[in-house]
Amino acid sequence: MDMAIHFKELDNKLYGFVEGEIDTFTASGLREELEAVKITEGLEIVLNLSKVNYMDSTGLGIFVAFYKRTLRENGKVKLVGLSNRLQRLFEITGLSDLMDIETDKKVELRK
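Owing to the predicted nature of the structure, the values given are computational and were not obtained by experimental measurement.

The rules we used
Residues numbered from 1 in each chain as written. Predicted model: local features only at pLDDT ≥ 70, side-chain atom pairs only at ≥ 80, totals over all residues. Heavy atoms only, no water. Salt bridge = Lys/Arg side-chain N within 4 Å of Asp/Glu carboxyl O. Helix = DSSP H or I, 4+ residues; strand = E, 2+ residues; numbered from the N terminus. Buried < 20%, exposed > 50% of the residue type's maximum accessible area, 1.4 Å probe, protein only. Axes fitted to C-alpha atoms, helices over the stretch in contact; angles between N-to-C directions. Parallel < 35°, antiparallel > 145°, perpendicular 65-115°, else oblique. Contact = heavy atoms within 4.5 Å. Nonpolar A, V, L, I, M, F, W, Y, C, P; charged D, E, K, R; others polar. Core = buried A, V, L, I, M, F, W, Y, C linked by side-chain atoms within 4.5 Å. Arc of directions from axis to C-beta. Expected span 1.5 Å × (residues − 1). Polar contact = N/O pair within 3.5 Å; in protein donor to acceptor, adjacent residues only side chain to side chain.

A. Here's a closer look at the pattern of salt bridges. Counted by the stated rule, this structure contains two salt bridges. Across the pair Glu-44 and Lys-13 runs a salt bridge, and its minimum N-O distance is 3.8 Å. Pair noted here: Glu-44 is in strand β3 (residues 44-55) and Lys-13 is in strand β2 (residues 13-22), with a separation of 31 residues, a long-range link. For Glu-44, a relative accessible area of 31% corresponds to the partly exposed category. Of the residues examined, Lys-13 reaches a relative accessible area of 25% and is grouped as partly exposed. Put simply, Glu-102 and Lys-78 hold a salt bridge, and the shortest N to O gap is 3.1 Å. Taken together, the residues Glu-102 in strand β5 (residues 100-102) and Lys-78 in strand β4 (residues 76-80) connect sequence positions 24 residues apart. Taking the relative accessible area as the measure of exposure, Glu-102 reaches 23% and is therefore partly exposed.

In structure tokens, the structure reads:
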């Protein structure tokens, strides 16, 4: 399965919509896309994971690295739309205590 991420800027927020599976084989594409994001002070980034149907520890590592970089550059990042499975993955690793995660919100991409 593939992974895709699309970005849309709206009202001084950057929305990222991630779809597919995030694993060892697809992680490099996600990493490249997130590394290309220009983070400015005060930028709020909302990453919607509602269409992610699988993620392993490689994906967790990518989101942690992006989270740390965003904080370092004085931005904010929030993960939204996590399935129960993904939410549990973040909880058992302790990352839900570290990161801003909202599980009941889905943001739709408007074209």
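Having seen the model, we can carry on.
B. Layout of the packing of helix α1 (residues 27-35) against helix α2 (residues 57-72). Put simply, α1 and α2 touch, their axes get as near as 10 Å, and they point 10° apart. With respect to each other, α1 and α2 are oriented roughly parallel. Of the residues in α2, those touching α1 at Ala-27, Leu-30, Arg-31, Leu-34 and Glu-35 are Thr-58, Ile-62, Phe-63, Phe-66 and Arg-69. Classifying every residue of the contact of α1 with α2 by side-chain character gives six nonpolar, one polar and three charged.

C. How the structure looks around the nonpolar core. The biggest cluster of nonpolar side chains holds 30 residues, and the ones touching the most others in it are Ile-45, Met-55 and Phe-63. Of all the elements in the fold, those that place two or more residues in this core are β1 (3-10), β2, α1, β3, α2, β4 and α3 (84-92). For this core, the element with the highest residue contribution is α2, accounting for six residues. Once residues lying within four places of it in the same chain are set aside, the contact partners of Ile-45 are Leu-14, Val-37, Ile-39, Phe-66, Thr-70, Lys-76, Val-77 and Lys-78.

D. α1, seen in detail. Among all positions in α1, only Ala-27, Leu-30 and Leu-34 are buried. One face of α1 carries all of its buried residues, which in axial projection span an arc of 65°. Among the exposed residues of α1, those pointing more than 90 degrees away from its buried face are Glu-32 and Glu-35. Check the buried side of α1 and you find it contacts β1, β2, β3 and α2.

E. Focus on α2. With 16 residues, α2 extends 22 Å from end C-alpha to end C-alpha; this agrees with the ideal 22 Å at 1.5 Å per step. Burial in α2 covers these residues: Gly-59, Leu-60, Ile-62, Phe-63, Val-64, Phe-66, Tyr-67, Arg-69 and Thr-70. With a side-chain oxygen positioned 2.9 Å from the backbone nitrogen of Thr-58, the residue opening α2 is Asp-56.

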